[in-house]
Amino acid sequence: MSKKMPAAVVALRPRAKEDFSNYLGMVMMLGSWSILFGGIFFAYAGVRMSAPTWPPPGLPKLPLALPAANTVILGLSSWTAQRALGAIRKGRRDEMQALLGATVVLGALFLGLQYVLWTNVRASGLSIDSAGTYGSVFYALTIFHALHVAAGVCGVSYLVVGARFGKWNAAAHAPVRMWTMFWHFVDAVWLVTFVSVFVL
Amino acid sequence: MSEQHIHPEPTTFIRKYVFSTDHKVIAQQFIWMGLIFLLMGGTMAMMIRWQLANPGVPVPILGKLLLHSTGGIVSPYIYTSLFTGHGAIMIFFAITPIMIGGFGNYCIPLEIGARDMVFPTLNMLSFWTMVISCLVLVASLLVPGGTAAAGWTTYPTLSTNIGTPGLGQTLVVIALFLAGLSTVQGAVNYITTVIRLRAPGMGYFDMPLTVWGLWLTAILNALFVPVLGSGLILLSFDRLFGTHFFVTGALVKGGGDPLLFQHLFWIFGHPEVYILILPVWGVVSDLLSFFARKPAFGYKATALSMVVICILSAVVYGHHMYLTTMSPLLGESFMVLTMIISVPAMVLFVNWLRTIWQGSLRLEVPMLFSLGVVFVFGLGGLTGLYLADIPQDLYLHDTYFVVGHFHLTMAAAVFLGSFASIYYWFPKIWGRMFNNTLGKLHFWFSIVPITIVFCTMLLVGYSGMQRRLYNVESYDFLKRLLPLNQLISYTAFTLFTGQIFFVSNFMYSVFRGRKAPDNPWEVGTLEWQIPSPPPHHNFDIVPTVIHGPHEFNNPMVKGKDWLAQDEVIPPETAEAPHVETQLAGE
């Protein structure tokens, strides 16, 4: 960078320039990844718009209560993750560890409830390979999203374990920041999934 | 960003050459990988050509080695596998590794004055994701039932379990997804590196055009490869778990839409053709200037027209789907937008011609290849106008005319451009010189056959030969095209054999070539101002950039016709009075 950084960059600028590079890279990775999900939602819009009725006649409506509870759980986990990032920025590693632990628990709870959701829906007569695009959309979107939550749970668990061994402090905590961003991203994708698949 | 650390050089073999985070080593890994797959894809092309020239005759040599089950004959199923493999391998496993993985990695940090990529570990990860992808691809060749046979475009329903049952196609879909993942990892790295690690003084318009091309490629990659990813994810769900996104028909209640995949594919696919050609455009724009000993004509216009092309490339994908009962209004919009691309492309092209106009050309091997790119790209670009036009495309769609067109642009041009890059950076990468005579022979044995092959394809396509036809003798009206097909095939074999000049030259020179000087081409970009090959941390002192990348024949410099980007003009020459008058007189 030869000249002064633009004002917007300065406003976003974290502690060090290197941190900003990490942040920028992560934003781009998640941006790219959101296009992947965008393509999937595009496909969903395509099949749904071409279907005469949705849900197709004879197929059950998807439950709303369980996904709504899951939305709250993920929202809560995003909040704990963000609090954890705030804690490590002030150098409070123990607090961060506890909050990230809560995030992991909430994420695992989400996955458990998704499993219950899949079993319930399957029991109500909607299986992945027999219900046309209606079933395809439900299973493909939720399973692909759940894989991301699982990746997030692994990543945040790594942060918790790392914190136990004294990793990360107020000055150096790039992985905490990046996994938090990833967690928010996965949460946002769930919000779109919830609204478009279950509510609408 | 001058406070980049100097990482200590790794000492163990594994960390230095295998799991290296050094962008120069990763670049070489990518180049080697790409060259191996180039050979593989080329061999497949030769087998396709053999079948078209001599339908039903066993393939000599290769038939005995590879096609036991059919007694050396290319059967229809093998034929479809061959053109599928040829397309997928050349695009995702040859061009992408060589130009983007290889030269992207090599040139970006060195030409912007950085010590490495901004995320070296991600860079390593990108390469090893690509290796896994390659292994999955190679595995697909070995599983029972054969490899993918749905064309490189993997259109459903050909690519669903109905069209191609078996593990082979699934593995190829997964391999393509992993290749895309690797590309996105690389792209994020390149974009961030260019934004964050440019040397002090280097603005965006001080970057060599190579970096511009590679950077724009990376942006397109980050934006559009995920769209292909989403299509492939859904396709693999269809194949593995029985979902119905792309399956339709009486069997499926409320089934999906095969056309949906085409939309996802071409939203990615059209930018992809620019992804493949942009690095070459950048390299050629630089090389023409370097070897004509003139500043690149219209540097900013060249860079900006590449930007405009990138933007337009996102909104023209419909021209691949004119035949899918598209609304005429939409079709015409796509047609007009597609034709508009020829405006910035022409700016680029005229700038190239204007750069070499009245230059003192040095016809070194990289320059010959660059001129070759200008030639074949001109031909290819012109034929694109035919295909953009709906009434023409209705007739030409899925004929050999299309094959000729896209091979001239993104195969011949990229092929020649890759070799231009390999020869040009050869002294820097390996610290040795290649053999000039062999290089020139390689050029002539490439440019002449490649032009004949693909121009004749335009001809047979115009006569109506279908793109994926197995046997020309199947139709009466195509039988008379057999001699032309034989001409294509035997010229293609010449082209393939001519590559022996490259292979022998490359293998010998990499290990035994004459030691190269630091700056054999006498150019001013930053990578040539450091030793060949560069040390582990590239620059002992991160340079401060003062000049643009094409400072040739600056009247204030005496004794040489070039100026390094970080070189200060000695004050006594700068103040020479007669130079001042000369400038004032202009």
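Just so it is clear, the structure is predicted and the values come from calculations on it, not from any experiment.

**Student:** Before we go on, may I ask you to explain the overall build of chain B in this structure?
**Tutor:** Broken down by element type, chain B carries 20 helices and 0 strands. The C-alpha radius of gyration of chain B comes to 24 Å, within 12% of the 25 Å expected for a compact globule of 586 residues. By principal-axis analysis of the C-alpha atoms, chain B measures approximately 85 × 50 × 50 Å. Among the 586 residues that make up chain B, the fraction classed as buried is 55%. Once local pairs closer than 6 in sequence are excluded, the contacts in chain B between residues at least 24 apart make up 80%.

**Student:** What am I meant to see in the overall build of chain A here?
**Tutor:** Tallying secondary structure elements over chain A gives 6 helices and 0 strands in all. In sequence order, chain A lays out its α and β elements as α-α-α-α-α-α. Counting only C-alpha atoms, chain A reaches 60 × 40 × 20 Å along its principal axes. Considering chain A as a whole, with its 200 residues, one finds that 36% of them fall into the buried category. Summarising the internal contacts of chain A: among those between residues at least 6 apart in sequence, 80% fall at separations of at least 24.

**Student:** Please explain the packing of helix α14 (residues 400-430) of chain B against helix α15 (residues 436-462) of chain B as it appears in this structure.
**Tutor:** Angle between the axes and distance between the axes: these two values describe a pair of packed helices. Residues and elements named next belong to chain B. The geometry of α14 relative to α15 is characterised by a closest axis approach of 7 Å and an angle of 170 degrees between their N-to-C directions. The orientation of α14 with respect to α15, classified from their angle, is roughly antiparallel. Residue-level inspection shows Tyr400, Phe401, Val402, Val403, Gly404, His407, Leu408, Ala412, Phe415, Leu416 and Tyr423 of α14 in contact with α15, the latter providing Gly439, Ser446, Ile447, Ile450, Phe454, Cys455, Met457, Leu458, Val460, Gly461 and Tyr462. A per-class count over the contact of α14 with α15 returns 17 nonpolar, 5 polar and no charged.

**Student:** It is not clear to me how the environment of A:Thr142 should be interpreted in this structure. Could you clarify?
**Tutor:** Residues and elements named next belong to chain A. Mapped onto the secondary structure, Thr142 falls in helix α5 (residues 132-164). Classification of Thr142 as buried rests on a count of 22 C-beta atoms within 10 Å. Each C-alpha atom of the pair Thr142 and Thr193 lies 7.7 Å from the other, and the pair is 51 residues apart in sequence. Excluding residues within four positions of it along the chain, Thr142 makes contact with Gln114 and Thr193.

**Student:** It is not clear to me how the nonpolar core should be interpreted in this structure. Could you clarify?
**Tutor:** Of all hydrophobic cores here, the largest spans 237 residues; its most connected members are B:Ile191, B:Trp215, B:Ala413, B:Val414, B:Leu416 and B:Ala420. Contacts of B:Trp215, omitting those with residues within four sequence positions, involve B:Tyr190, B:Ile191 and B:Val194.

**Student:** Mind showing me how you'd approach unusual backbone geometry here?
**Tutor:** Excluding glycine, residues mostly have negative phi values, and the peptide bonds linking residues are mostly trans. At the junction of A:Trp54 and A:Pro55, the peptide bond is cis and its omega measures out at 0 degrees in the coordinates. Inspection of the secondary structure puts A:Pro55 in the loop between α2 (17-50) and α3 (65-89). For the bond from B:Pro156 to B:Thr157, the omega torsion is 0 degrees, close enough to zero to count as cis. By secondary structure assignment, the location of B:Thr157 is in the loop between α5 (120-142) and α6 (167-196). One non-glycine residue with positive phi stands out, namely B:Thr154, at about 45 degrees. Examined against the element boundaries, B:Thr154 turns out to sit in the loop between α5 and α6. On the basis of neighbour count, B:Thr154 is assigned to the buried category, with 25 C-beta atoms found within 10 Å. Residue B:Gln358 is not a glycine yet carries a positive backbone phi of 60 degrees. Summarising the element assignment, B:Gln358 is placed in the loop between α11 (342-356) and α12 (365-388).

**Student:** Got a minute to help me understand the interface of chain A and chain B in this structure?
**Tutor:** Size of an interface: often given as the accessible area lost when the parts come together. Taken together, the contact between chain A and chain B spans 29 residues of the former and 37 residues of the latter. Here the side of chain A that touches chain B gets 16 residues from one element, more than from any other, and that element is α2(A). By residue class, the composition of the side of chain A that touches chain B is 17 nonpolar, 10 polar and 2 charged.

**Student:** Explain the environment of B:Lys294 to me, please; I cannot follow it from the model alone.
**Tutor:** Residues and elements named next belong to chain B. Of note, Lys294 is situated in the loop between α8 (258-292) and α9 (299-313). Judged by local crowding, Lys294 falls into the buried class, with 21 C-beta atoms found within 10 Å. Considered as a pair, Lys294 and Gln358 are 64 residues apart in the sequence and their alpha carbons are 8.9 Å apart. Among all residues touching Lys294, those that are not within four sequence positions of it are Ser289, Thr355, Gly359 and Phe552.

**Student:** Mind showing me how you'd approach the packing of helix α2 (residues 23-53) of chain B against helix α17 (residues 482-498) of chain B here?
**Tutor:** All names here are of chain B. Between α2 and α17, whose axes approach to 8 Å, the crossing angle comes to 155 degrees. If you check the angle between α2 and α17, you find them roughly antiparallel. α17 is crossed by α2, and the crossing has left-handed handedness. On α17, the residues touching Gly42, Ala45, Met46, Arg49, Trp50, Leu52 and Ala53 of α2 are Asn485, Gln486, Ile488, Ser489, Tyr490, Ala492, Phe493 and Phe496.

**Student:** How should I be thinking about α3(A) in this particular structure?
**Tutor:** Turn by turn, an α-helix covers 3.6 residues, leaving residues three or four places apart pointing in a common direction. Residue and element names in this part refer to chain A. The first and last C-alpha atoms of α3 sit 37 Å apart over 25 residues, in line with the 36 Å expected at 1.5 Å per residue. Buried residues of α3: Pro67, Asn70, Leu74, Ser77, Ser78, Thr80, Ala81, Ala84, Ala87 and Ile88, and no others. In the core, the buried residues of α3 are packed alongside α4 (93-123) and α6 (174-199). Downstream of α3 by a residue or two, Gly91 has a phi angle that is positive, lying close to 85 degrees.

**Student:** Please explain helix α7 (residues 209-241) of chain B as it appears in this structure.
**Tutor:** Residues and elements named next belong to chain B. A rise of 1.5 Å per residue sets the reference length of α7, with its 33 residues, at 48 Å; its end C-alpha atoms lie 46 Å apart and thus fit the reference within 8%. Ala222 marks the point of greatest bend in α7, at about 35 degrees, and the proline Pro226 comes within the next four residues. Most of α7 sits out of view: 30 of its 33 residues are buried.

**Student:** In this structure, what is going on with the confidence of the model for chain A? I would like to understand it.
**Tutor:** Low-pLDDT stretches of the model should not have their predicted coordinates read in fine detail. Residue-level pLDDT values for chain A average 88, and 92% of them are 70 or greater. Confidence drops under a pLDDT of 50 for residues 7-14 of chain A, and excluding neighbours within four residues, the segment shows 5 contacts in the predicted structure.

**Student:** Just to check I follow, could you spell out the environment of B:Gly372 for this structure?
**Tutor:** Residues and elements named next belong to chain B. Turning to its location among the elements, Gly372 is positioned in helix α12. We classify Gly372 as buried; it has 25 C-beta atoms within 10 Å. Separated by 74 residues in the primary sequence, Gly372 and Ser446 have C-alpha atoms spaced 9.2 Å apart.

Definitions and cut-offs
Residues numbered from 1 in each chain as written. Chains lettered and ligands numbered in written order. Predicted model: local features only at pLDDT ≥ 70, side-chain atom pairs only at ≥ 80, totals over all residues. Helix = DSSP H or I, 4+ residues; strand = E, 2+ residues; numbered from the N terminus. Rg over C-alpha atoms; globule rule 2.2 N^0.38 Å. Buried ≥ 20, exposed ≤ 12 C-beta atoms within 10 Å, placed from the backbone. Contact = placed C-beta atoms within 7 Å. Axes fitted to C-alpha atoms, helices over the stretch in contact; angles between N-to-C directions. Parallel < 35°, antiparallel > 145°, perpendicular 65-115°, else oblique. Nonpolar A, V, L, I, M, F, W, Y, C, P; charged D, E, K, R; others polar. Core = buried A, V, L, I, M, F, W, Y, C linked by C-beta atoms within 7 Å. Left-handed = near helix turned anticlockwise from the far one by under 90°. Expected span 1.5 Å × (residues − 1). Bend = angle between axes of the 7 residues up to and from the residue. pLDDT = per-residue confidence, 0-100.

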